[in-house]
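# A look at the structure
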Amino acid sequence: MSGDHGRGDSQVNSGSKGYDSHKHKDKHKEKEHKHKDHKKDKEREKIKHSNSEHKEYSERKHKDKEKPRHGDGSSEKHREKHKDKEKKREDKILSSQSDRPKKEKENGYVRERSPVAIKSEPEDDNGFYPSPKHNKATKRERDDDEEFEYKPKKVKVEHDKKAKKRKHEYEDDEEDEDTKHKKKTKDKKATEGKKAKKQEEEKWKWWEEERYTDGSKWRFLEHKGPVFAPPYEPLPDKVKFYYDGKPMKLSAPAEEVATFFAKMLDHEYTTKDIFRKNFYKDWRKEMTSEEKSVITDLNKCDFREMSEYFKAQSEARKQMSKEEKQKIKEENERILQEYGFCIMDNHKERIGNFRIEPPGLFRGRGDHPKMGMLKRRIRPEDIIINCSKDSKQPKPPPGTKWKEVRHDNKVTWLVSWTENIQGSIKYIMLNPSSRIKGEKDWQKYETARRLKKCVDRLRAQYRDDWKSKEMRIRQRAVALYFIDKLALRAGNEKEEGETADTVGCCSLRVEHIKLYPKMDEQEYVVEFDFLGKDSIRYYNKIPVEKRVFKNLQLFLENKQPEDDLFDRLNTSILNKHLQELMDGLTAKVFRTYNASITLQQQLKELTSPEDSIPAKILSYNRANRAVAILCNHQRAPPKTFEKSMQNLQTKIDEKQKQLSAARKQLKAAKADHKASHDEKSKKAVEVKRKAVQRIEEQLMKLQVQATDREENKQIALGTSKLNYLDPRISVAWCKKWDVPIEKIYNKTQREKFAWAIDMAEKDYEF
DNA sequence: CTTTACACTTAGTACGGCGTGC
DNA sequence: GCACGCCGTACTAAGTGTAAAG
């Protein structure tokens with residue numbers, strides 16, 4: 001598999017898969033064995049590697065091993081036997097080993113464990129805000145229902161007085177808040193020009209308002225419904241499909257599905273057996289009986305002319321005149337204005353995805369058993385609308401009707417439908433800048449902060465549990481250790497054959513880890529190698545504490561590679577346990593907590609006060625990167641990486657030449673000045689000095705950029721930035737070091753994190 | 001207890017538009 | 001004015017976690 005068209009291909013096709021598919025759990029369907037290349041894996045492997053302390057890296061150990069398969073059910077029995085054995089063993093387990101020191105290196109970064117031992121988790125330490133309690137609200141006593149208006153009034157644009165009052169408490173200088181506020185907005189307006197005239201110059205600060213505590217998400221919700229995919233336009237007659245070398249006119253439904261395939265012809269997908277098989281099966285369903293009888297072999301189908309046609313079309317689109325493009329843009333804008341917003345509780349809010357997913361062929365990630373299946377067209381009859389009773393309900397397209405219109409204010413979605421590949425439900429929800437998403441996000445970080453307060457206690461506890469005489473507790477404790485230390489995902493069970501074979505912590509199998517009692521200088525090394533979410537490979541070697549190691553050996557005893565490592569554990573057991581330790585605690589909170597605390601700490605460590613702004617930003621990116629590495633957020637190296645790196649290097653070289661030239665000139669000017677001592681030459685020296693300085697700065701900037709880019713080759717910063725890092729840490733850092741927030745967050749990100757930008761001061765501590 | 005349904009977050013990629021340097 | 005590379009954004013798959021159903 002070499003055809004590397006675009007990053008996506010390799011990702012989906014050949015990327016990141018190092019194994020046979022395994023049977024696990026109690027199902028034992030036979031699967032094909034495939035040999036795959038591991039180019040991408042190896043590249044990715046380097047990431048983890050270069051950031052862990054070991055220099056060398058060994059060959060992939062488990063490539064395409066042919067594993068003997070158990071006959072049906074045998075492994076099941078096998079498993080059961082184990083359980084008995086383990087049970088007996090549990091009683092014998094009694095261990096007493098000394099603990100190891102507290103500070104550890106993780107992925108090459110030192111992570112401090114906060115020394116504070118916390119007994120209880122008090123309420124939020126910030127008394128000023130309506131604190132985002134995690135939502136047990138439904139079960140809590142209600143008290144404030146009445147405060148809310150049930151009926152929509154006019155859409156408010158400015159925040160209300162109640163909020164202002166609270167804001168007062170927060171601002172340190174109390175003097176007339178109102179004038180200050182006005183002044184600010186006026187200034188802004190002046191600089192931004194007229195266009196932002198009526199716009200929400202007064203952005204609604206939902207974070208200064210009370211929140212629902214009864215589990216309801218809104219009181220009023222009105223929207224226009226979804227935008228449907230455009231109907232299928234049959235191909236012009238001149239574009240032909242050939243079967244067995246002969247042109248053949250297809251019925252519209254069959255033709256449409258054929259075009260989906262044709263559009264992907266360049267993609268490596270279409271060469272894959274599973275993809276072709278799935279596609280062909282679904283395609284046949286759309287054929288007339290006549291077509292079915294003629295078309296009996298996908299290999300005899302020739303879609304190339306269709307494919308060419310679409311290429312030409314997209315080429316033509318690129319070549320369109322300015323005016324035409326402008327027209328399309330305007331039309332899109334119109335649709336956005338009409339369908340892209342809703343009114344929720346008196347405020348106009350942006351909708352995230354108001355377009356229904358168009359039909360096409362399913363592209364799963366990794367080795368997905370359903371790749372190539374037809375994703376069917378969604379019709380109004382498939383759609384459930386959610387809105388408030390007293391709103392103007394969205395109208396279905398003429399001649400159609402909705403599947404259902406409901407009024408459920410316990411959920412946040414506006415539109416839903418059931419997708420046909422997995423049978424899962426898809427939703428239309430609000431944009432991340434919306435109140436409803438923002439509150440949840442804020443709350444997430446508050447939960448993580450509560451974890452911070454008791455994490456030492458929890459760590460002590462799970463270390464203790466490594467010694468438990470119950471197997472299930474030991475497993476739970478070791479799993480939790482991994483989740484904490486390595487920021488692994490929880491690892492829910494998945495239905496086999498429905499999705500790609502990927503795992504998280506609780507679903508790790510024996511084959512995913514290797515134990516090395518000794519490796520080079522280190523003792524008790526565990527090697528992880530598995531495919532995680534999106535079939536992204538996780539590869540890491542880490543030394544663990546002796547007790548963990550011994551436990552792992554124990555867990556592995558008498559198991560087959562495809563057996564679960566933690567056979568007495570699943571996510572719901574784990575989360576139930578966590579819930580008992582801290583209100584609102586689940587496995588994923590550890591990821592959020594460790595990500596955010598790592599950022600904060602790395603920022604502290606890496607930022608030098610005397611650094612220039614670009615250097616500080618580099619530090620920020622490095623801190624961000626530490627988190628991305630921790631969370632294993634990878635990306636395919638950009639296709640153009642090498643080239644763009646070279647370009648940058650050329651620029652640097654040029655700049656360097658410029659610099660030496662400028663320096664020479666400065667020298668000359670100085671000499672000149674020494675000789676003449678006149679005003680003019682003095683000025684000349686100053687000018688040259690400035691020039692040198694400017695070029696030095698430019699050079700520095702370029703070099704920083706190069707470093708940054710190189711380090712970022714295979715690492716995606718976006719995911720952690722958007723989902724794991726408490727934005728208040730970044731905001732505080734910007735304020736502390738006078739780095740403009742725009743250097744860290746782009747416009748969209750600033751909108752999403754408006755709450756944090758507004759509330760975090762430079763001394764904010766996660 | 002296990003399984004299923006549902007809601008919502010987290011994830012990487014495709015792609016178009018825009019700014020930049022010539 | 002044009003080519004090019006980069007960034008932002010749209011898209012949608014794939015996770016997590018809770019609650020209801022069996």
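Please read all numbers here as calculations on a predicted model, not as lab measurements.

### Quick word on the domain arrangement of chain A
Along its sequence, chain A is carved into domain 1 (241–321), domain 2 (324–431), domain 3 (437–510 + 548–590) and domain 4 (597–759). Distance between the C-alpha centres of domain 2 and domain 4: 41 Å.

### Here we look at the protein's contact with DNA strand C
Contacts to DNA strand C come from 31 residues, most closely from Arg365, Lys426, Gly491, Lys588 and Thr748. In the interface set of DNA strand C, defined as its atoms within 4 Å of the protein, sugar plus phosphate atoms amount to 89%. Separating a phosphate oxygen of DNA strand C from a side-chain N or O atom of Lys494 is a distance of 2.9 Å. Those elements giving two or more residues to the surface near DNA strand C turn out to be helix 15 (587–606) and helix 17 (641–676). Within the surface near DNA strand C, the residues separate by chemical class into four nonpolar, 12 polar and 15 charged.

### Some remarks on the pairing of strand 16 (residues 522–531)
For strand 16, the tally of buried residues reaches nine of 10 residues, placing the bulk of the element in the interior. Here six bridges tie strand 15 (residues 513–519) to strand 16, and the two strands are oriented antiparallel to one another. By the bridge assignment for strand 16, Ile513 is matched with Phe528. Count of turn residues in the strand 15/strand 16 antiparallel hairpin: two residues, of which Asp520 carries a positive phi of about 50 degrees. With seven bridges joining them, strand 16 and strand 17 (residues 537–543) adopt antiparallel strand pairing. Its bridge partner lying in strand 17, Val525 is registered against Pro543. Remark: five residues form the turn of the hairpin made by strand 16 and strand 17, two consecutive strands paired antiparallel; Asp534 in that turn has positive phi of roughly 65 degrees.

### A short note on the UniProt feature "domain: DNA topoisomerase I eukaryotic-type" (unreviewed entry) in chain A
Sites flagged by UniProt as "domain: DNA topoisomerase I eukaryotic-type" (unreviewed entry) map to residues 361–738. Secondary structure within residues 361–738 divides into 51% helix and 11% strand; the distance between the first and last C-alpha atoms comes to 49 Å.

### Here we look at the sheet that holds strand 8 (residues 347–350)
Taken together, three strands build an open sheet; the order of strands is 3-7-8 and the sheet is antiparallel. The open sheet terminates on both sides in strands that have one partner only, identified here as strand 3 (221–222) and strand 8.

### Let's talk about the UniProt feature "coiled-coil region" (unreviewed entry) in chain A
Annotation from UniProt places "coiled-coil region" (unreviewed entry) at residues 311–338 and 645–712. Secondary structure content for residues 645–712 is 96% helix and 0% strand, while the C-alpha to C-alpha distance between its ends is 12 Å.

### Describing the nonpolar core
In this structure, Leu451, Phe482, Leu488, Phe528, Leu552, Phe566 and Trp755 are the most contacted members of the largest nonpolar core, which totals 82 residues. If one sorts the elements of this core by residue count, helix 12 (residues 471–486) sits on top with nine residues. The two domains that each donate at least three residues to this core are domain 3 (437–510 + 548–590) and domain 4 (597–759). Setting aside anything within four residues of it in sequence, one finds Leu488 in contact with Phe482, Ile483, Cys505, Leu508, Phe528, Phe530, Tyr538 and Arg591.

What counts and what doesn't
Residues numbered from 1 in each chain as written. Chains lettered and ligands numbered in written order. Predicted model: local features only at pLDDT ≥ 70, side-chain atom pairs only at ≥ 80, totals over all residues. Heavy atoms only, no water. Domains from an automatic or database assignment. Near = heavy atom within 4 Å. Polar contact = N/O pair within 3.5 Å; in protein donor to acceptor, adjacent residues only side chain to side chain. Helix = DSSP H or I, 4+ residues; strand = E, 2+ residues; numbered from the N terminus. Nonpolar A, V, L, I, M, F, W, Y, C, P; charged D, E, K, R; others polar. Buried < 20%, exposed > 50% of the residue type's maximum accessible area, 1.4 Å probe, protein only. Pairing = 2+ DSSP bridges. UniProt positions renumbered as here; feature names shortened; annotations may be inferred. Core = buried A, V, L, I, M, F, W, Y, C linked by side-chain atoms within 4.5 Å. Contact = heavy atoms within 4.5 Å.

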